[in-house]
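Commentary on secondary and tertiary structure
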Amino acid sequence: MGAWTPIAPPLLAIFGGPITDPVGVFLIIMAIMLVAPLMFERFRLPGIVGLILAGVLVGPNGLGVLQRDNTIILLGTVGLLFLMFLAGLETSLNDLKHNGKQAVTFGLATFVIPMVMGTVAFLLLGYSWLASILVASCFASHTLLSLPVVSKLGIMRSPIVTTTLGGTLITNVFALLVLAIVVQAHQGDLSLGFWLVLIPSLTAYTVATLWGVPRLGRWFFRRFGHDEGAEFLFVVATLFVVSYVAGLIDVEPIIGAFLAGIAITELIPQLSPLMNRLQFIANTLFIPFFLISVGMLVNPGILFQEAQSLLVAGVMIGVAIAAKWLPAWLTGVIFKYPAPQTLTMFGLSVAQAASTLAAITVAYDIQLVDQRTVNGTIAMILVTCLLSPWVTDRWGRQVKAGGSATASPTVQPELPRNQPAKYRILVPVANPNTEDNLLNLGILLAKQSQGTLLPFHVLLDHLGPITPSDQTRQAQLLAHAEQIAHAAVTAVKTIGRVDDSIDKAIVRATQENGASLIICGWKGYSNYRDNFFGSVIDNVLRRSPVPVLVTRFTNPLKTTQRILLALADQGQTPPHFTAGLRIAHTLATELKARLEVVQVTPSPHSPTAIAIPPNFNNITLRQERGNFVPRMVELIGQDDLLVLIVESDVNLPGLSVLGNDSEAIARSAPHLSILIIHYPAAV
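This report concerns the structure included in the present document. Owing to the predicted nature of the structure, the values given are computational and were not obtained by experimental measurement. (Residues numbered from 1 in each chain as written. Predicted model: local features only at pLDDT ≥ 70, side-chain atom pairs only at ≥ 80, totals over all residues. Heavy atoms only, no water.)

Quick notes on the overall build of the protein
- Across its full length, the protein holds 25 helices and eleven strands.
- Going through the 683 residues of the protein one by one, you find that 56% of them count as buried.
- Of the contacts made within the protein by residues no fewer than 6 positions apart, 81% connect residues no fewer than 24 positions apart.
- For the protein, the exposed area adds up to about 28100 Å²; of that, 62% sits on carbon and sulfur atoms. (Helix = DSSP H or I, 4+ residues; strand = E, 2+ residues; numbered from the N terminus. Buried < 20%, exposed > 50% of the residue type's maximum accessible area, 1.4 Å probe, protein only. Contact = heavy atoms within 4.5 Å. Areas by Shrake-Rupley, 256 points an atom, 1.4 Å probe, with all protein chains shown as cover.)

Quick word on the side chain of Asn513
- Considering the arrangement of structural elements, one finds Asn513 in the loop between helix 20 (502-512) and strand 5 (517-521).
- For Asn513, the side chain forms a polar contact with the main-chain oxygen of Ala509, separated by 2.9 Å.
- Setting aside residues no more than four positions away along its own chain, Asn513 makes contact with Arg424, Leu454, Lys493 and Ile495. (Polar contact = N/O pair within 3.5 Å; in protein donor to acceptor, adjacent residues only side chain to side chain.)

So, the side chain of Glu266
- Along the polypeptide, Glu266 turns up in the loop between helix 12 (253-264) and helix 13 (273-297).
- Setting aside its immediate chain neighbours within four residues, Glu266 contacts Pro214, Arg218, Lys558, Gln561, Leu591 and Lys592.

Quick word on empty space enclosed by the protein
- Enumeration according to the criterion identifies six cavities of 30 Å³ or more in this entry.
- Roughly 90 Å³ of internal volume is contained in the largest cavity.
- Considering the residues around the largest cavity, the lining is formed by Leu83, Leu86, Ala87, Glu90, Leu147, Pro148, Ser151, Met156, Gln279 and Asn283.
- Broken down by secondary-structure element, the contributors of at least two residues to the lining of the largest cavity are helix 4 (70-89), helix 8 (147-153) and helix 13.
- Its residues assigned to classes, the lining of the largest cavity shows six nonpolar, three polar and one charged.
- Residue lining of the second largest cavity: Phe553, Asn555, Pro556, Leu557, Thr559, Thr560, Gln638, Asp639, Asp640 and Ser673, and that is the complete set.
- Taken together, the residues that form the lining of the second largest cavity break down as three nonpolar, five polar and two charged. (1 Å grid on protein atoms, 1.4 Å probe; cavity = no way out; pocket = protein on both sides within 12 Å on 5 of 7 lines; lining within 4 Å. Points joined across faces, edges and corners; volume = space filled by probe spheres on them. Nonpolar A, V, L, I, M, F, W, Y, C, P; charged D, E, K, R; others polar.)

Side note on the packing of helix 11 (residues 228-248) against helix 12
- Helix 12 packs onto helix 11 with a crossing angle of 140° between their chain directions and a minimal axis gap of 7 Å. Put simply, helix 11 runs oblique to helix 12. Once helix 11 is placed against helix 12, the crossing between them reads as right-handed. Residues Phe234, Val235, Thr238, Leu239, Val242, Ser243 and Ala246 of helix 11 pack against Pro253, Gly256, Ala257, Ala260 and Ile264 of helix 12.
- Its residues placed into classes, the contact of helix 11 with helix 12 shows nine nonpolar, three polar and no charged. (Axes fitted to C-alpha atoms, helices over the stretch in contact; angles between N-to-C directions. Parallel < 35°, antiparallel > 145°, perpendicular 65-115°, else oblique. Left-handed = near helix turned anticlockwise from the far one by under 90°.)

So, a nonpolar patch on the surface
- A surface patch of nonpolar side chains, amounting to about 520 Å² of accessible area, comprises Trp325, Leu326, Trp329, Leu330, Val333 and Ile334.
- Checked against the element boundaries, Ile334 lands in helix 14 (residues 307-334). (Patch = residues over 30% accessible without salt bridge, like charges linked within 9 Å, V, L, I, M, F, W, Y side chains within 5 Å. Salt bridge = Lys/Arg side-chain N within 4 Å of Asp/Glu carboxyl O.)

Side note on the nonpolar core
- Residues Leu66, Val235 and Ile264 are the most contacted members of the largest nonpolar core, which totals 119 residues.
- What Leu66 contacts, discounting residues up to four positions off in sequence, is Pro18, Ile19, Val25, Ile28, Ile29, Val58, Gly59, Pro60 and Met296. (Core = buried A, V, L, I, M, F, W, Y, C linked by side-chain atoms within 4.5 Å.)

Some words on the environment of Asn660
- Mapping Asn660 onto the fold places it in helix 25 (residues 660-668).
- According to the relative accessible area criterion, Asn660 is exposed, its value standing at 60%.

Observations regarding helix 15 (residues 339-349)
- Within helix 15, nine of the eleven residues are buried, which leaves the element mostly enclosed by the surrounding structure.
- Pro340, Gln341, Thr342, Thr344, Met345, Phe346, Gly347, Leu348 and Ser349 are the residues of helix 15 that are buried.

Side note on the environment of Val150
- Within the secondary structure, Val150 is located in helix 8.
- Sequence separation between Val150 and Thr344 is 194 residues, and the spatial gap between their C-alpha atoms is 9.1 Å.
- Apart from residues lying up to four places away in sequence, Val150 is in contact with Ile155, Met156, Val161, Leu348 and Thr392.

With respect to the pairing of strand 8 (residues 594-601)
- Taking burial as the measure, the eight residues of strand 8 include seven buried ones, the bulk of the element.
- As paired strands, strand 7 (residues 562-568) and strand 8 are joined by seven bridges and run parallel to one another. Looking at the pairing, Leu565 lines up with Val597 of strand 8.
- Of the pairings in the sheet, the one linking strand 8 to strand 9 (residues 619-625) comprises seven bridges and is parallel in character. (Pairing = 2+ DSSP bridges.)

A few points about the environment of Gln279
- As for its placement among the helices and strands, Gln279 is situated in helix 13.
- Sequence spacing of Gln279 and Pro148 is 131 residues, and the spatial spacing of their C-alpha atoms is 9.7 Å.
- Contact partners of Gln279, with chain neighbours within four places excluded, come to Leu86, Glu90, Gln270 and Thr284.

Quick word on helix 11
- With 21 residues, helix 11 extends 31 Å between its outermost C-alpha atoms, agreeing within 8% with the 30 Å of an ideal straight helix rising 1.5 Å per residue.
- Among the residues making up helix 11, those that are buried are Ala230, Glu231, Phe232, Phe234, Val235, Val236, Thr238, Leu239, Val242, Ser243 and Ala246. (Expected span 1.5 Å × (residues − 1).)

Some points on the packing of aromatic side chains
- A complete count under the given rule lists eleven aromatic pairs for this structure.
- Plain terms: the ring middles of Phe82 and Phe240 are 6.3 Å apart, the flat faces sit at 80° to each other, and that makes the pair edge-to-face. Residue Phe82 is located in helix 4, and its partner Phe240 is located in helix 11; the two are separated by 158 residues in the primary sequence.
- Between Phe220 and Phe234, the aromatic rings sit 4.4 Å apart at their centres with planes inclined by 10°, giving stacked as the arrangement. (Phe/Tyr/Trp six-rings, centres within 6.5 Å; stacked < 30°, edge-to-face > 60°.)

So, the packing of helix 4 against helix 11
- At a minimum axis separation of 11 Å, helix 4 and helix 11 run at an interaxial angle of 105°. As far as their axial angle goes, helix 11 and helix 4 are roughly perpendicular. Within the contact between the two elements, helix 4 uses Val78, Leu81, Phe82 and Phe85 and helix 11 uses Val235, Val236, Leu239, Phe240 and Ser243.
- Its residues placed into classes, the contact of helix 4 with helix 11 shows eight nonpolar, one polar and no charged.

This is the structure we're talking about:
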């Protein structure tokens, strides 16, 4: 067999060899990242196909413009880890629970079927049992190369993608275990000691990651949640620490990256600025590096050096495609998935890259497979990496258009008729130490409904003339709010005004700017003067024509694990229960928190059951007995958010509009984060 040589490197004569100058290398890579996706998307092809083919073109087996040196390998590896990490971040454990049967079925099918087909095919080609089993394990594993496609389509949280992610975790872990076992068997080291080390270490590693990382992250965010740079660096450090430890116990780092994402996902709201920063740097820089580096591995010329190479390559391509289509089809038949969902699952799982390359490289190094197998693997990678994004994009668009509606536990409930389709949320900002939580709450609600955030600040003129320092401070507060909104890619319009009253200014700004919701901060109690003369919050609630969210956050919003919507038994469902439930459900979905509706009755008889509208899913209904305030104080924990719906009479003087229960709970539980939803009588 001939040596591997570039196809046609004419540029080498011009440049005297591959470009090695760091500035030149980075310039070419950046140009590829910019031009290739735009060019291919113009022809309705996924942009990542362009990145892979561009890697083939400029790589050592193409024109030879760039070498696949240590820098490319390093950045490509980082991109691969980020790719798997983002997959973990997009994987909700609650979604996996509700799609657990589908994920396990697909995971086992997409492991067993390729193992059987691959082993039989390579035994027929004359390979040994160990070599055949190892190559089959390459068919069983797959790389989620098309995740950027489904992310761009906005179907990452759909059941079909969640099922595929869960199945990927199962099959990749099994495939990598097969690799470890085959290597040990080939070297004669498959002893009892191997099993006694591998299984306990893998179990301890998984438990430590899924249990320890969320607790460490929650502590860090409580302590340093005000520093956005520290948050970002903590998350990235977590990714690489968990991935590195995986390598120490002979598990592929990509599995560690995926587990790290699953472990920390509950601390990073989907629509938060932190998530946006992680997705931006990964999808814009590191993942394209990985795709280009994969392309640079491909050498199309080697396939035509001898007929046996073509035969092996053809068998590998055929088995890889068939062995991934059959599990997707079988899962679709069992769970009655529409054709677009089944084909999207196939498109996501057919790509062979990272795990396959790792396995074949190890097998070749220990002389378990020959170079023909390596050649066929490269051809299989090329074909499947081109097929995967095209199929995913082609059928994922139909899933987005309506194919995912069947049996979806994550479908958002319909908006009640008394709520606007898009929120315009007014958020008064005055204290830099507390405004971040208010703004993040507003961002979650505004972005989820494709609405607009309206940060608002008022300068009072009845205290004296407005000074330049007052105006500067107002501008700084609003600029900070705008920066946070832009970081989360949320539509924002800042509002600054001069008025003689804070509460009147808030109500006037609400009406003038068409706001549909107000979010206000709250200290948690009212004094005698507030009740007699009326606090700012009370005056806003009495005059506001739109609903108001009154909040007191004692911890960062992102650390919320459970949301409790509490109701006292009144013999009937509160008038605004559905609208309030929608807000709580939206927050639970975006914060990846559990949602419980708690109904408390003081009498021994069973309370009148609250009817949960059919469009709301993943909600637990609890019925508790006892006095409302002490019972809720007992139930609430540090990482919980209590949601109350207040229906008080705004015309009674001397009483807080928020009601006695709200203040009693806030005073009794100073550690408690609370959100009170107040609806005006006309709403």
